[in-house]
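What follows is the residue order along each chain.
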Amino acid sequence: MEKKGFTQIVKRSLGISLIGLTTLTSCYKEDKLNVPVKDVSIEIETELDQYIETNFTQEYGMAIRYRFVDNYVNPGERVAPPRIETVRPMLDFIEEFWINPYLDVPNGEDFFRNHVPAEIVFLGGLIYNNDGTVTLGTADAGAQITFTNVNGIDPTNEDWRTLQLQTVFHEFAHTVHQRYKLPNAFETIASTGYTGPGSWFVLTDNQALERGFVSPYATSSPNEDFAETVAFFLFESDFDTKFIAQDTCQTEECLARNEGRALVSAKLTTISEHYEKVTGVSLESIRAAVQNRLP
Amino acid sequence: MRNLPSYVLLCFVLIFGCEQNNDPDLPSVEERVSEAIGDLQNQLTAPANGWRIDYRPTPDGGTFLILMDFSSDGMVRIQSDVPDNDGEFRDQTILYRIDNSQGLELILETYGVFHFLFELSQASFGGEFEFRFNQQQGTNLIFSSKSDGSLGQNTILVFEPAGPNDSDLISDEVVELLGQGSHRSPGLGNLGNHVLYNIYIPSDNTTISLTIDMRSRQAKIHGGSAGQSIEEIAQSVNGVNINTKTTISFLDGGIVFNQPPSFSIGGNNYTLNQIPLENFNKVTTSYCGGNVDSLVQFSSQNVAGIGGLTMTSSLFQTHSVVTASEDFFSHNHVFIFDQDDESLADSIENVFPGAAAFQFYMGVELNNGDALNAAGFVELDDFNNADFYLRGFDFVQTGNLIEFTFNGDDFITNDDAPQSKTDGLVSLTDLIFEGGKVYLIETIGIEDLFEFYNPCNDYKGFMFKR
């Protein structure tokens, strides 16, 4: 009986499909199904749009999306677009703190132009999820980087600045291992410390450091470890104090942190050598260029 | 197989049906979509004064007055009566577009008042900024929300052609002034912006208490009484517990009660339809020991069916749902704050390292028939066993004002409670309840959540009725 039922379902499906196919193909030969959702005819050319076109799209091949499109976020994620007044200051911010440091260092411009993501998305606030959590920043396989909380723009505010720089340097770092692989044996340096995508968030910052990682999220996979380490190294002014320099210890916790720092140091050395070898760019030079710009 | 001929026949019908109607001049889908978008844009830009939307993001909440004037260049000017962000939303111009996805959609592309309402309460308030075009009804355009924070309750928006003077109806200044009547610190404002007012009708010597949630635009009429001062109201025998909610709107400089509450106090009948909020003033009073408290006051001379009245912000309401009962109040101890809105959690945990809750009992009957009136803390040990550290008090209640006196040696604790903890209990409760007065203020948007406020030292906190 089950087999017969299944056959009937298939037949009915075939019949419906045949009808549907006939309907679609027989009436309007010229019709296209990929009609653009967005009507380009009302896409205005403001001064801001022209600035973006000249300075980002034509200059770097990088599209800047500041007008809301709901497929920039996943279903169930709730977020608002940016104020139009914040877009130009945000462009200035990413130019100053992300693009220009690469342009300042040897081979940096070539590297940047050849690896720049195709799409940058600005979102006004944080992303609220149905489960009550908040997403701070997202990226899509190096092709898209999404900046959240653009409406809160204040480059002098360390928390806001850190959110944006951590996002962009982390996501941009992914392009390196995606294109050139991770440094040889990178994942073996702190191999016992990795957690997983579903459990990294139970760690505190100190617990992550004791395992040899710059953040709990870095423990989620070697790829994220690579991206987090590069990002923290570039934007974190106190990177050496927090993650490299050995403390004088009198407690077990302190000794554990020192052991973790030694692992971070070993990973950073490997990353730095690999980065320069495959990109021709000195990570230390980019860090210096970033740090010189911080208030 | 016996159905196959039927399918073949149906296919022929469809094919020939299409062929018969196939107009070689019929535009492509692309052209028809473009035409539909253009048509809607023409409709949106047509009215001389733009559109008026009486916007209700949620069915439980009140109305926001919004005017939208669309231009063909993708810009829309939006005026609203939302006074937040220093008046940013009174009059602003943002970008819009019309999409064709599952039908025509109106997308407000950059941040404005709709997005502000969308983001409230961690984007769960119920606002929206993407709308599906449903239909034209007469001269109106009907839209529905594409996504909605209030789950399963898509909002219907009616765009009506605005009148030439509709912008005069926008009452953002009055909304802003009314909101100044809040005693809640902005730092604690995530629970909404509640303001408590007393309406005094001099011709009848009657006071009516109401709370307004400025964010959701709901009002609750608590009760009414003869008299004006707390002392007069305490002695009045004409008090009436009204306990009625209504949604509200702000129009033309006044507050409109969308479901006008009707009630009787002292033989006089009242219906609250609309109160003009005129003659704004700041006045002072003292809620404790000569402290000067600033109040907001409006006065109107010609309120329909009432005559003259004043409406003054207050901590006091004539009636409260809080009464001495089996209910008690409890909440995590971190939600007690000092005069600077800093949590007392550290001070409490210094005395009670396992502190889990602050509790307040008022008239709870014990097994021996005595009433328990006490306030204090609950501490959990490593095995989640609860230890209670409560301090007894006597109290007098008038409306939502609780005046009490701690009893010197009345402690409800474990027999082996260390002296350091009872001493700590005394010092903490002396601090929190300094002056012996608290007002229990209902947060009408969240059921059973109350704020307690001590006017003597500006300490405050939140408690759920259990």
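Everything numeric in this text was worked out from a predicted model, so none of it was measured.

This part is about the overall build of chain B. For chain B, the count of helices and strands is eight helices and 28 strands. Every one of the 466 residues in chain B was classed for burial, and the buried ones make up 52%. Accessible surface, chain B as shown: approximately 20,200 Å² in total, 46% of it carbon and sulfur.

Time to look at the overall build of chain A. The helix and strand inventory of chain A stands at 10 helices and six strands. Intrachain contacts of chain A at a sequence separation of at least 6 include 68% that bridge at least 24 residues. Summed over its atoms, the accessible surface of chain A is roughly 14,800 Å², and 50% of this surface lies on carbon and sulfur atoms.

Time to look at helix α10 (residues 283-293) of chain A. Every buried residue of α10 of chain A is accounted for by Leu 283, Ile 286, Arg 287, Ala 289, Val 290 and Gln 291 of chain A. Contacts from the buried residues of α10 of chain A go to α3 (84-104), α5 (158-180), α7 (222-235), α8 (239-244) and α9 (252-279) of chain A.

Right, let's talk about the packing of α7 of chain A against α10 of chain A for a bit. All names here are of chain A. The geometry of α7 relative to α10 is characterised by a closest axis approach of 7 Å and an angle of 45° between their N-to-C directions. Taken together, the axes of α7 and α10 lie oblique to each other. Residue-level inspection shows Val 230, Phe 232, Phe 233, Leu 234 and Phe 235 of α7 in contact with α10, the latter providing Leu 283, Glu 284, Ile 286, Arg 287, Val 290 and Gln 291. When its residues are assigned to classes, the contact of α7 with α10 shows eight nonpolar, one polar and two charged.

Residues and elements named next belong to chain B. With respect to topology, nine strands assemble into an open sheet ordered β16-β13-β12-β11-β10-β9-β19-β18-β17, the strand pairing being antiparallel. Each edge of the sheet is formed by a strand with only one pairing partner; in this case those strands are β16 (274-276) and β17 (281-285). With strand direction ignored, the average angle separating the axes of adjacent strands in the sheet is 30°. With six bridges connecting them, strand β11 (residues 218-226) and strand β12 (residues 240-251) associate as antiparallel partners. Directly across from Gly 224, in β12, lies its bridge partner Val 240. On top of the sheet, helix α5 (residues 172-179) reaches β9 (194-201), β10 (206-213), β12, β18 (293-303) and β19 (307-313); it is set at about 95° to β9, its chief contact.

Bringing the pairing of β11 of chain B into the picture now. All names here are of chain B. The element β11 is largely enclosed, with a buried count of eight among its nine residues. Here eight bridges tie β10 to β11, and the two strands are oriented antiparallel to one another. Looking at β11, one finds that Leu 210 is bridged to Ile 221.

Moving on, we get to the state of the cysteines. Residues and elements named next belong to chain A. Evaluation of the coordinates by the stated rule reveals two disulfides over all chains. A sulfur-sulfur separation of 2.0 Å characterises the disulfide bridge that pairs Cys 249 with Cys 254. Classification of the bridge connecting Cys 249 and Cys 254 rests on its S-S torsion, roughly -70°, and on that basis the disulfide is left-handed.

Where a protein is soluble and globular, its nonpolar side chains tend to be buried together. Counting 63 residues, the largest nonpolar core has Trp 98, Tyr 102, Phe 122 and Phe 169 of chain A as its most contacted members. Per-element accounting of this core gives the leading share, nine residues, to α3 of chain A. Of the domains in this structure, domain 1 (47-172) and domain 2 (181-295) of chain A are the two that each give at least three residues to this core. Beyond its immediate stretch of four places on either side in the chain, Tyr 102 of chain A contacts Gly 108, Glu 109, Phe 111, Phe 112, Phe 169, Phe 172, Leu 234, Tyr 275 and Ile 286 of chain A. In terms of nonpolar packing, the next biggest core, distinct from the first, is built from 47 residues, Ile 78, Phe 89, Tyr 111 and Phe 143 of chain B among them.

Together, Glu 30, Glu 31, Glu 35 and Asp 39 of chain B line one region of the surface with negative charge. Examined against the element boundaries, Glu 30 of chain B turns out to sit in helix α2 (residues 29-45).

Right, let's talk about the sheet that holds strand β8 (residues 156-161) of chain B for a bit. Residues and elements named next belong to chain B. Spatial ordering of the closed barrel is given by β1-β2-β3-β4-β5-β6-β7-β8, a layout of eight strands whose pairing is antiparallel. Strand-to-strand twist across the sheet, computed as the mean angle between neighbouring axes with direction ignored, equals 35°. Sitting on the sheet, α2 is in contact with β1 (51-55), β2 (64-70), β4 (91-101), β5 (103-108), β6 (130-137), β7 (140-145) and β8, with an inclination near 150° to β4. Lying over the sheet, helix α4 (residues 113-123) contacts β1, β2, β3 (75-80), β4, β5, β6 and β8, oriented at roughly 140° with respect to β2.

Quick look at the confidence of the model for chain A now. Atom-level detail of predicted coordinates should not be read off regions where pLDDT is low. Summarising the model, chain A shows a mean pLDDT of 85, and 84% of its residues fall at 70 or more. Low pLDDT, under 50, characterises residues 1-42 of chain A; the stretch is placed with 44 contacts to residues that sit more than four places away or in other chains.

All names here are of chain B. The buried fraction of strand β27 (residues 449-454) is high, at six of six residues. Of the two faces of β27, the one carrying Leu 449, Glu 451 and Tyr 453 and the one carrying Phe 450, Phe 452 and Asn 454 are both buried. In the sheet, strand β26 (residues 437-442) pairs with β27 via four bridges, with the strands oriented antiparallel. Each residue of the ladder has a partner; that of Glu 442, found in β27, is Phe 450.

Moving on to unusual backbone geometry. The bulk of non-glycine residues show a negative phi, and the bulk of peptide bonds are trans. All names here are of chain B. The phi dihedral of Asn 205 is positive, around 50°, even though this residue is not glycine. Mapped onto the fold, Asn 205 is located in the loop between β9 and β10. By relative accessible area, which is 34% here, Asn 205 ends up partly exposed. If you check the backbone angles, Asp 252 has positive phi at about 55° while not being a glycine. Here Asp 252 is to be found in the loop between β12 and β13 (254-257). Taking relative accessible area as the criterion, Asp 252 reaches 56% and is therefore assigned exposed.

Parameters and conventions
Residues numbered from 1 in each chain as written. Chains lettered and ligands numbered in written order. Predicted model: local features only at pLDDT ≥ 70, side-chain atom pairs only at ≥ 80, totals over all residues. Heavy atoms only, no water. Helix = DSSP H or I, 4+ residues; strand = E, 2+ residues; numbered from the N terminus. Buried < 20%, exposed > 50% of the residue type's maximum accessible area, 1.4 Å probe, protein only. Areas by Shrake-Rupley, 256 points an atom, 1.4 Å probe, with all protein chains shown as cover. Contact = heavy atoms within 4.5 Å. Axes fitted to C-alpha atoms, helices over the stretch in contact; angles between N-to-C directions. Parallel < 35°, antiparallel > 145°, perpendicular 65-115°, else oblique. Nonpolar A, V, L, I, M, F, W, Y, C, P; charged D, E, K, R; others polar. Pairing = 2+ DSSP bridges. Disulfide = S-S within 2.5 Å. Core = buried A, V, L, I, M, F, W, Y, C linked by side-chain atoms within 4.5 Å. Domains from an automatic or database assignment. Patch = residues over 30% accessible without salt bridge, like charges linked within 9 Å, V, L, I, M, F, W, Y side chains within 5 Å. Salt bridge = Lys/Arg side-chain N within 4 Å of Asp/Glu carboxyl O. Lys, Arg positive; Asp, Glu negative; His and termini not counted. Charge placed at Lys NZ, Arg CZ, Asp CG, Glu CD. pLDDT = per-residue confidence, 0-100.

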